[in-house]
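# Architecture and fold: a report
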Amino acid sequence: LLNILRSTIVMSVSNIDALKAVKTYINKDEILDFYEFGVYSGHGLYDGYNQLVNIDKLYINKFYGFDYFIGLTQEQDGIKRHIDWNIGEFNSLKFYNTNTIEECLQKIRERSQIPNDKLDFIVGFYKDVLNKELFSKYNFKPAAYIHMDVDLYISAKQALVWLIENKLFVKGTIIRYDDWDSIEEYSGGESLAHKEICDIYNLKFNRINTNIFIYEE
């Protein structure tokens, strides 16, 4: 059962507007991190740091960006995808006209304006890197905010499973799905991944907008 405690459905909300809600729901007594899945140009990281730290003066322990940086991967067989979401779309190296991942990451760091010691990138296909070994390597804290900008069902599902199984959702965690309504709701993409995860793990979210959810338990 998809547990939605309250629903006010309007058009999808921007990343900035979703970030503004964090100061209302964040538990200021907890040490919390920011997670972005699907970094591309790094603009979402910039928005996160600027809104949460510079404007709202919140303490965010660390910012993490997860991506393969070479564009979209293959969608799972039988799952609907947007007609324009081809393999290799949203390639960060092409966006920055760089030849290596290292050069690309430096460009993203510069654009994000996040201090180097506050930002880490996790590079690789989610099926390869999102595992217990990764969790043991980094001192991940529960999420204040999760920006899910991966377009595809398979990527969203892999990211959500890793977050849940490592207990990185806590009461008040806000998750925004950038591409929620790019496909008919629950027919594919991020929305189907969210629904399946709620059903499998019996999760409860407060749905405060079309693509914005607050974790309850």
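Throughout what follows, the structure given in this document is the object of discussion. (Residues numbered from 1 in each chain as written. Predicted model: local features only at pLDDT ≥ 70, side-chain atom pairs only at ≥ 80, totals over all residues. Heavy atoms only, no water.)

Examined against the element boundaries, Tyr186 turns out to sit in the loop between strand E6 (174–177) and helix H9 (189–201). Residues Tyr186 and Ile16 lie 170 residues apart in sequence; the distance between their C-alpha atoms is 24 Å. (Helix = DSSP H or I, 4+ residues; strand = E, 2+ residues; numbered from the N terminus.)

To continue, consider the environment of Phe169. Mapped onto the elements of the fold, Phe169 is located in the loop between helix H8 (153–165) and E6. What makes Phe169 buried here is its relative accessible area of 8%. Sequence separation of Phe169 and Glu216 is 47 residues, and the distance between their C-alpha atoms is 9.0 Å. Here Phe169 is in contact with Ile146, Leu160, Leu163, Ile164, Ile175, Phe205 and Tyr215, once residues within four sequence places are set aside. (Buried < 20%, exposed > 50% of the residue type's maximum accessible area, 1.4 Å probe, protein only. Contact = heavy atoms within 4.5 Å.)

Let's shift gears to the packing of aromatic side chains. This model, assessed by the stated rule, comprises 30 aromatic pairs. Put simply, the rings of Tyr35, Phe37, Tyr64, Phe66, Tyr68, Phe125, Tyr126, Phe135, Tyr138, Phe140 and Trp162 touch in pairs and so form one group of aromatic residues. (Phe/Tyr/Trp six-rings, centres within 6.5 Å; stacked < 30°, edge-to-face > 60°.)

Counting 41 residues, the largest nonpolar core has Tyr35, Phe37, Phe66, Met148 and Trp162 as its most contacted members. Elements with a contribution of two residues or more to this core: strand E2 (33–37), strand E3 (63–67), helix H6 (126–129), strand E5 (143–148), H8, E6, H9 and strand E8 (212–215). Among the elements that line this core, the one with the most residues is H8, at eight residues. When near neighbours in sequence (up to four residues on either side) are disregarded, Met148 contacts Phe37, Ala156, Ala159, Leu160, Leu163, Ile175, Arg176, Tyr177, Asp178 and Glu190. In this structure, Ala18, Tyr49, Ile212 and Ile214 belong to the second largest nonpolar core, which totals 32 residues. (Core = buried A, V, L, I, M, F, W, Y, C linked by side-chain atoms within 4.5 Å.)

Okay, unusual backbone geometry next. We note that Asn97 has phi near 55°; this positive angle belongs to a residue other than glycine. By the secondary structure assignment, Asn97 is in the loop between helix H4 (92–96) and helix H5 (101–112). A residue is classified by how much of its surface remains accessible, and Asn97, at 70% relative accessible area, is exposed. Although it is not a glycine, Asp151 adopts a positive phi angle of roughly 70°. Tracing the backbone through its elements, the reader meets Asp151 in the loop between E5 and H8. Owing to a relative accessible area of 5%, Asp151 belongs among the buried residues under this scheme.

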